Every structure is written in C-alpha cells, then in structure tokens.
Amino acid sequence: MLKKNYRYQIMLMMVIMVIINYIDRGAISYAQADIIKEYGFDPISWGAVLGYFGFGYLFGSLFGGFLADRKGPKFVWILVGIGWSVFVVITAFAGDIGLVLFGGSALTGFAVVRILFGFAEGPTFSTINKTNANWATPKERGFAVSMGLLGTPLGAMLTAPVAVALLHFTSWKVMFILLGALGIIWVFFWSRMFTDLPEQNPKVSKEELKKIRSVEDLLPNEKVVNPDDNSIRWYHFFKNPTLIFNAFGYFAFQYINFLLLTWTPKYLQDEFGFQLSALWYLGMIPWIGACFTVLLGGKISDYLRMKTGSLRIARSGLAVVSLLLTATCFIMIPTVNSITGVMVLMCIGNAFNSLPNSVYWSVIIDTEPSRAGTYGGITHFITNTATIIAPILTGFLVVSHGYSAMFTAAAVAAAIGMFCMIFVKPGQQQYKGKLKGGIA
C-alpha cells in the first residue's frame, strides 16, 4: 500500500533506533555503583571505563560513513544494529572476561568490550545523515536531520528511568542482556521496511518521490543528492574550511552531551548524596528541554533559510548564538549551591546546546549531499574525540579540582565551538581543479 508521507515513518524508526542506541551507551553510568564495588575502580579508572567507548566510536563513525556511501545505508544499519546489540550483552561479562583472559585485569576487559561496542555504535549518525540525504526533501533538511537527532536527548532522558527500573528488578548484568535483545528486535522491523533509496521502496508514491527529488526549493548554492556522482573524493573534505570548522563546532555539542550522559549520575551521588532510587527522575532533568529544542532548532533553521535566503544565517548563525548561551549557563553552575539551581542551569544549558544539533549535519548535506555518508563519518570522527576527552578529562579534573572544574571545562568547549562556527559557510565548495574518479 502506497503511503503519502512514508519518509516520516523512516524518520520515526530512526528516532526509535537512536533512543535504543543512547540507552545502551548510557546505562552503564547508572550501574556505576555496582560495577565499581564489584571490581574496585577509582574515579580515574571509572573515567577510563567511560572513555574507552570513544576510542571505538571514533573509528566506527569513520568506517560507517564510507561504508554507507559504498554499500548503502541499509547494509550498514543491519550490520551495526546487530553488532552493538551483541556487545551490549557482552558488557555484562566484560569484567569477568578481563579477569580470566587479560591477566586478572577487569579494567582491560571493560576496555576491550567498550571499544568494540563504541565501534559498532559509531556509524549511527553518519548513516542517519546518508539516509536523510537520500530521503529528505530539500526544504525540510533541517527538520529531517533534527528528527533523527531527537533520539539523542530522548534516549539520554529515558536512560535514567529505564536503567534504574531494570536495576531495581534485576542485576546490572541482566540489564545489559535485556537491552541487547531490544536492539535485535529493532533490526528485525527496520530490515523489513527500509530501502537505501525511496525509488526502491514500493510504499513510496510517485507524488512523494517527486517532492523528495524536487529542485524547485533549492537555493543557488544548494544541491540534491546524486547517487551516480563519483567526482568527489574523501580527502576533499580537508580542502573545505567550512566542513573542518563545522566538525570542530560539533565537538562542543558532543563534549557537553557525553559529559552529562556519563558523569551526571555520579556527580549527583557524590555531591548531593542521592541514592540510585532518586536518579530515575533527576537523571531526566538535564535532557527535558533538549527534547524540544533539538526539533525546534531544525524548524528554526529551515525557517531562517526560507526567510533570509542565507544558509549561513540559518545554520552557522543559529549555532553561534546557541553556543554562546550554552557557555553562559555552564559557567554559572559552580556559582550556585542548591540542587535546584544546578539542575535548572544544566537543563537550560543543555537545551541551548541541542538547539543547533541538526545544523552540523545539515551543513554537510547542504555542502555535499552525494557524500553525506563519507563526510558525515569524517565529521563524526573529529567530533567524537569528545567522547574520549570528556569522560577521561573529567575524571582527572574531579580528583584535582572538584566537580566545579567539570562545568568550567564544558563552558570552554562551548566557547571553542562558537568560535569555529563563525567561519562556517554552508553550501560553499572549495575544491580546486577538475575532480575525477571516485571517493576511494
């Protein structure tokens, strides 16, 4: 049966996938007390456990972007969906694996499993970008990207009640096994409804396909995806300052995002003495506003694009203002002493941080839609150095200077991102000479 707007069902399924994805990666933060007690990790070692994920995530994002362009996003979705679900299950046995196979080191066991888990999750957002480049209409690119990214704050917010509930009724090991099973279920349904291109899907009508491939709403420097375009090589990414600065601007978002995801539970327990039973709702608070602003940002960006005719205002201008407000909120957190003040500032700051989340991916599609997967992967590789730096650096900062330094570092990251986005000019290609050959 043909659907009028089948692409929205595809977007919804990606939201569900990202929610599962984020719960899988964030659940370990709520199991920290049990894991630390069982294996005797100190704050620096625990920061390392959280940071190992990022080492795999870096290279997974790069690998996934290339593979999505070469093999198509469906192949990548099925491969990585099964992969990360399996490694979520294995996380339950990571410490024991280390004790048996790696010289009695539980930390090494977690390192190996978390790196492999991160590698499997790494392709997620570069493959989302490739999917959106193939499926979204030009005038709704910002909204389409924000839909895919909506799962980030939703998943982070739902991690708290889901993880706390599972830990209440089961052990932390059973929790990881159940979460892995949920991912496999998603892969089954996704494989039955998704195709690489809307042209290949029998549920997409001719009218909808015409909207997706329309060139009527394009600005002068915008392009639609061309699956047969092999003229742009992967290394041309590094010849375009817009793409490079955009990647470092995105670093700011990811630093704050991963910092809150990994360290908020321990911060609340250490600084305010909250028990696990209270974290199911406290852990949700920093993400409430972000659930709205991630979608709002996409709509605002598309509105500014139509109203001003300027991609620079619509994309980088929105990001600069948002990151300034983000830095302001986080630099204020160490000056307040009440839990109410802290949570309000974290919520507002994270809401501003998520407002331009869709911008970073839209810039890639605006600039080179035919290489949205490859360039998304390279962008994510650069960006996700934050998934290593944020948790590991925080461990050292907490030991040396206390938790106030954690928030100061977040403000600094936001300021760096704001500076970088000033130089982003979406849609501007700066390749020199005639381009030949493929991306390999």
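Novice: How should I be thinking about the overall build of the protein chain in this particular structure?
Specialist: When helices and strands are tallied, the protein chain shows 19 helices and 0 strands. In terms of C-alpha radius of gyration, the protein chain reaches 21 Å, essentially the compact-globule figure of 22 Å for 440 residues. Along the first, second and third principal axes, the C-alpha atoms of the protein chain reach 60 × 45 × 40 Å. The contacts in the protein chain between residues at least 6 apart in sequence include a share of 86% that link residues at least 24 apart. A total accessible area of about 16400 Å² is found for the protein chain, and carbon and sulfur atoms account for 69% of it.

Novice: What is the right way to look at the packing of aromatic side chains in this model?
Specialist: How two aromatic rings sit relative to each other is set out by the distance from centre to centre and by the angle between their planes. Scanning the entire structure with this criterion turns up 33 aromatic pairs. Taking the centre distance of 5.7 Å and the plane angle of 75° together, the rings of Tyr39 and Phe110 count as edge-to-face. Here the residue Tyr39 occupies a position in helix H2 (residues 32–39), and Phe110 occupies one in helix H6 (residues 106–121), the gap between them amounting to 71 residues. Of the two residues, Tyr39 and Phe110, both sit in the buried class. Ring centres of Phe251 and Tyr255 lie 6.1 Å apart, and the angle between their planes is 40°; on these two criteria the pair is classed as tilted.

Novice: Can you help me understand the side chain of Thr262 in this one?
Specialist: Mapped onto the elements of the fold, Thr262 is located in helix H11 (residues 241–272). The exposure class of Thr262 is buried, given its relative accessible area of 2%. Those residues within four positions of Thr262 in sequence are excluded, and the remaining contacts are Ser29, Leu50 and Pro391.

Novice: Looking at this structure, how should I read the side chain of Asn257?
Specialist: Relative to the assigned elements, Asn257 resides in helix H11. Here Asn257 falls in the buried class, since its relative accessible area comes to 1%. Discounting residues that sit within four places of it in the chain, Asn257 has contacts with Tyr22, Thr152, Trp287 and Asn353.

Novice: Sorry if this is basic, but what is going on with the packing of helix H3 (residues 43–71) against helix H7 (residues 124–135) here?
Specialist: Two packed helices can be described by the angle between their axes and the distance between those axes. The geometry of H3 relative to H7 is characterised by a closest axis approach of 7 Å and an angle of 25° between their N-to-C directions. Comparing their axes, H7 and H3 come out roughly parallel. Read as a crossing pair, H3 and H7 show a hand that is right-handed. Contact with H3, carried on its side by Tyr57, Ser61, Gly64, Gly65, Ala68 and Asp69, involves Phe125, Ser126, Thr127 and Lys130 of H7 and no other residues of that element. Along the lines of polarity and charge, the residues of the contact of H3 with H7 split into 3 nonpolar, 5 polar and 2 charged.

Novice: Would you explain the environment of Ala181 in this entry?
Specialist: Turning to its location among the elements, Ala181 is positioned in helix H9 (residues 172–193). C-alpha of Ala181 to C-alpha of Ile82: the two residues are 99 residues apart in sequence and 9.5 Å apart in space.

Novice: Teacher, can you tell me more about the nonpolar core here?
Specialist: Taken as a class, soluble globular proteins show a tendency for nonpolar side chains to be buried jointly. Core analysis: the largest hydrophobic core is formed by 126 residues, its most contacted members being Ile35, Phe41, Phe110, Met175 and Tyr255. With residues near it in sequence (within four places) discarded, Tyr255 still touches Ala386, Ile389, Ala390, Leu393, Thr394, Ala409, Ala410 and Ala413.

Novice: Could you clarify how one ought to interpret the confidence of the model for the protein chain in this entry?
Specialist: Regions with low pLDDT carry predicted coordinates that are not meant to be interpreted in detail. When pLDDT is averaged along the protein chain, the result is 87, and 93% of the positions lie at 70 or above. Per-residue pLDDT, averaged within each element of the protein chain, yields its smallest value for helix H12 (residues 276–282) (80) and its largest for helix H19 (residues 404–421) (96). Here residues 431–440 scores under 50 on pLDDT; set against residues more than four positions off or in separate chains, the count is 29 contacts.

Novice: Help me out: how do you make sense of the packing of H3 against helix H4 (residues 73–91) in this one?
Specialist: Across the interface, H3 lies against H4 with an axial gap of 7 Å and an inter-helix angle of 135°. Classed by the angle they form, the pair H3 and H4 counts as oblique. Each of Gly64, Leu67, Ala68 and Lys71 in H3 lies in contact with H4, whose residues at this interface are Pro73, Phe75, Val76 and Leu79.

Novice: Would you mind going over the pattern of salt bridges with me for this structure?
Specialist: Side chains bearing opposite charge may pair, as long as their charged atoms lie close to each other. With the rule as written, the count across this model stands at 9 salt bridges. Residues Arg7 and Glu208 are paired through a salt bridge, measuring 3.0 Å at the closest nitrogen-oxygen approach. Taken together, the positions of Arg7 in helix H1 (residues 6–30) and Glu208 in helix H10 (residues 206–212) put the pair 201 residues apart, joining distant regions of the chain. You'll find Arg7 and Glu208 in the same group, each marked buried. Lys130 is the partner of Asp69 in a salt bridge, and the nearest nitrogen-oxygen pair spans 2.8 Å. Here Asp69, found in helix H3, pairs with Lys130, found in helix H7; they are 61 residues apart in sequence, far enough to count as distant. The pair Asp69 / Lys130 is uniform in exposure class, with both members buried. Salt bridges sharing common partners tie together Glu38, Asp96 and Lys173.

Novice: How do you make sense of the state of the cysteines when you look at a structure like this?
Specialist: Here is the idea: a disulfide is a covalent bond, and it sits between the sulfur atoms of two cysteines. The final tally for this structure, using the stated rule, is 0 disulfides. Free cysteine Cys291: the closest other cysteine sulfur is in Cys347, separated by 9.2 Å. On the basis of relative accessible area, Cys291 is assigned to the buried category, the value being 10%. With no disulfide of its own, Cys329 lies closest to Cys347 among cysteine sulfurs, the gap being 9.6 Å.

Procedures and definitions
Residues numbered from 1 in each chain as written. Predicted model: local features only at pLDDT ≥ 70, side-chain atom pairs only at ≥ 80, totals over all residues. Heavy atoms only, no water. Helix = DSSP H or I, 4+ residues; strand = E, 2+ residues; numbered from the N terminus. Rg over C-alpha atoms; globule rule 2.2 N^0.38 Å. Contact = heavy atoms within 4.5 Å. Areas by Shrake-Rupley, 256 points an atom, 1.4 Å probe, with all protein chains shown as cover. Phe/Tyr/Trp six-rings, centres within 6.5 Å; stacked < 30°, edge-to-face > 60°. Buried < 20%, exposed > 50% of the residue type's maximum accessible area, 1.4 Å probe, protein only. Axes fitted to C-alpha atoms, helices over the stretch in contact; angles between N-to-C directions. Parallel < 35°, antiparallel > 145°, perpendicular 65-115°, else oblique. Left-handed = near helix turned anticlockwise from the far one by under 90°. Nonpolar A, V, L, I, M, F, W, Y, C, P; charged D, E, K, R; others polar. Core = buried A, V, L, I, M, F, W, Y, C linked by side-chain atoms within 4.5 Å. pLDDT = per-residue confidence, 0-100. Salt bridge = Lys/Arg side-chain N within 4 Å of Asp/Glu carboxyl O. Disulfide = S-S within 2.5 Å.

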